Amino acid sequence: MKAVVYHGPRNVSVDEVPDPKIEKPTDALVRITATNICGSDLHMYEGRTDFKEGRVFGHENLGEVIGVGDAVDKIKVGDMISAPFNVACGHCRNCEEGLTNYCLRANEPGIAGAAYGFADMGPWQGGQAELLRVPWADFNCLRLPEDAREKQDDYVMLSDIFPTGWHAVRMSGLRPGETIVIYGSGPVGCMAALSATTMGASKVMVVDRHPDRLRLAEQVGAIPVDDSKGSPVDQVMEHTNGMGADRGAECVGYQAHDPRGHEDNSATLNDLVLSVRFTGGIGTIGVYVPQDPGGPNELAKHGKAPFDFGSFWFKGQHMGTGQCPVKRYNRYLRSLIAEDKVKPSWIVSHDLPLEQAPEAYKHFDAREEGWTKVVLHPGQAT
Ligand SMILES: [Zn+2]
Ligand SMILES: [Zn+2]
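Owing to the predicted nature of the structure, the values given are computational and were not obtained by experimental measurement.

Glancing now at the pattern of salt bridges. Under the defined criterion, the tally for this structure stands at 22 salt bridges. In this structure, Arg10 and Glu46 form a salt bridge, with 3.8 Å as the shortest nitrogen-oxygen distance. Pair noted here: Arg10 is in the loop between strand E1 (2-6) and strand E2 (12-16) and Glu46 is in the loop between helix H1 (39-45) and strand E4 (61-68), with a separation of 36 residues, a long-range link. The closest approach of N and O atoms between Lys151 and Asp147, which form a salt bridge, is 3.2 Å. There is no split in this pair, since Lys151 and Asp147 are both buried.

Take a look at the structure:
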């Protein structure tokens with residue numbers, strides 16, 4: 001089959017690789033019809049992780065089940081499914097507690113949590129490919145309704161970024177009527193804005209500097225805060241009568257940088273502490289890593305950030321961290337899409353055949369104007 005293979009920093013190609021197979025009776029084999037390029041793929045693409053050359057990217061996957069193992073009971077051949085980016089067994093201690101983002105059995109011993117096509121997240125092949133093996137298929141497949149194909153650009157967001165944006169807002173503790181500031185207007189930041197609006201936030205502010213991305217956030221009711229035009233903290237204060245936002249969400253991650261391109265892994269975290277009110281909450285969903293050998297300074301190389309813990313503690317704030325447990329939300333967010341309450345595909349800028357993945361990575365990595373979200377469609381004519 002064809003798949004997007006990593007060959008080193010900023011070097012991917014669509015190669016012929018062996019087809020995945022049903023390896024265990026609990027597996028399903030899925031023919032991918034939609035698979036996204038994610039901002040977190042870019043950390044790997046840029047060589048800022050230990051993602052191994054020869055591996056296949058892709059953790060935001062949707063497709064049709066074309067084969068199931070003997071022990072798969074619920075999922076049937078022909079089902080259209082969304083696969084959460086988390087690979088989870090369903091019956092370890094963490095999975096039983098709903099923490100599928102920290103499954104104890106899908107990665108090597110000592111590391112909790114796993115994902116398809118992701119550095120340090122287990123051996124699972126990615127889905128930017130024609131076929132994907134889904135382990136523990138009854139647990140990991142979410143069946144989609146009749147309109148799965150026609151609305152696949154919406155449903156494909158269920159595998160990661162829509163639940164991830166939702167989780168960022170939930171971790172912040174947002175209640176209806178409260179205000180929230182979201183740092184980062186990339187795909188996840190936009191989903192957080194959509195989520196906050198859907199949950200009843202009275203005011204949603206989104207900080208970024210790319211006009212195309214800020215416009216997307218504005219389209220779901222957010223106030224754009226352009227940090228290239230002045231301190232984002234000051235601007236948030238102006239919008240909140242000097243109090244700060246009730247809640248905050250970090251949707252940038254460790255490669256955060258200022259408008260001049262200076263990288264600082266603590267920049268958004270410290271701005272959040274300053275722009276969220278005393279006793280407010282922060283959800284940090286942007287990716288941070290324990291080791292970053294390509295980091296810009298000694299602290300960063302060891303995954304450490306000069307976080308303003310003094311102000312954080314003094315203000316009595318709390319923070320939630322870590323990847324999203326997609327299964328906690330995807331069933332319900334699926335219903336919001338099915339009932340036309342939300343349309344997460346509004347951020348999609350490009351629907352491309354798999355073969356065009358290398359160019360798509362290049363444009364998306366450069367944050368080029370107009371490249372806000374790419375959906376790859378294996379099997380689509382080039
Ligand atoms: Zn993703
Ligand atoms: Zn588990």
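On the protein side, the zinc ion (ligand 1) has Cys38 (SG), His59 (NE2), Glu60 (OE) and Asp160 (OD) as donor atoms, found 1.8 to 2.2 Å from it. In this structure, the zinc ion (ligand 1) is coordinated by 4 donor atoms arranged in irregular fashion, with angles at the metal of 92 to 136 degrees. Donor residues binding the zinc ion (ligand 1) come from one chain and are separated in sequence as C-x20-H-E-x99-D. Glu60 gets classed as buried once you look at its relative accessible area, which sits at 0%.

Moving on, we get to the environment of Val56. With respect to the element layout, Val56 can be found in the loop between H1 and E4. Here Val56 falls in the buried class, since its relative accessible area comes to 1%. When the C-alpha atoms of Val56 and Val17 are compared, they prove to be 9.2 Å apart, with 39 residues separating the residues in sequence. Once residues within four sequence positions are removed from consideration, Val56 is found in contact with Ala3, Val4, Val5, Phe51, Gly117, Gln125, Gly126, Gln128 and Ala129.

A word on the environment of Thr284. Tracing the backbone shows Thr284 in strand E12 (residues 276-284). In sequence terms Thr284 and Glu250 are 34 residues apart; their C-alpha atoms lie 4.6 Å from each other. Excluding its chain neighbours within four sequence positions, the residues that come into contact with Thr284 are Met171, Glu250, Leu269, Met319, Gly320, Thr321 and Gly322.

Turning our attention to a nonpolar patch on the surface. There is a patch of nonpolar side chains on the surface, built from Phe278, Phe309, Trp313 and Phe314 and spanning about 550 Å² of accessible area. No other element matches the 3 residues that helix H11 (residues 309-314) contributes to the nonpolar patch. Take Trp313: it is sitting in helix H11.

Of the protein atoms, only Cys89 (SG), Cys92 (SG), Cys95 (SG) and Cys103 (SG) coordinate the zinc ion (ligand 2), at distances of 2.3 to 2.4 Å. Here the zinc ion (ligand 2) is ringed by 4 donor atoms whose angles at the metal span 104 to 118 degrees, and the overall shape comes out tetrahedral. Sequence spacing among the residues donating to the zinc ion (ligand 2) works out to C-x2-C-x2-C-x7-C. Cys95 matches Cys89 in its accessibility class, with the two residues each being buried.

Definitions and limits used
Residues numbered from 1 in each chain as written. Chains lettered and ligands numbered in written order. Predicted model: local features only at pLDDT ≥ 70, side-chain atom pairs only at ≥ 80, totals over all residues. Heavy atoms only, no water. Salt bridge = Lys/Arg side-chain N within 4 Å of Asp/Glu carboxyl O. Helix = DSSP H or I, 4+ residues; strand = E, 2+ residues; numbered from the N terminus. Buried < 20%, exposed > 50% of the residue type's maximum accessible area, 1.4 Å probe, protein only. Donors = N, O, S within 2.8 Å, 3.2 Å for Na, K, Ca; no water. Tetrahedral: all angles 85-135°; square planar, octahedral: opposite > 155°, others 65-115°. Contact = heavy atoms within 4.5 Å. Patch = residues over 30% accessible without salt bridge, like charges linked within 9 Å, V, L, I, M, F, W, Y side chains within 5 Å. Areas by Shrake-Rupley, 256 points an atom, 1.4 Å probe, with all protein chains shown as cover.

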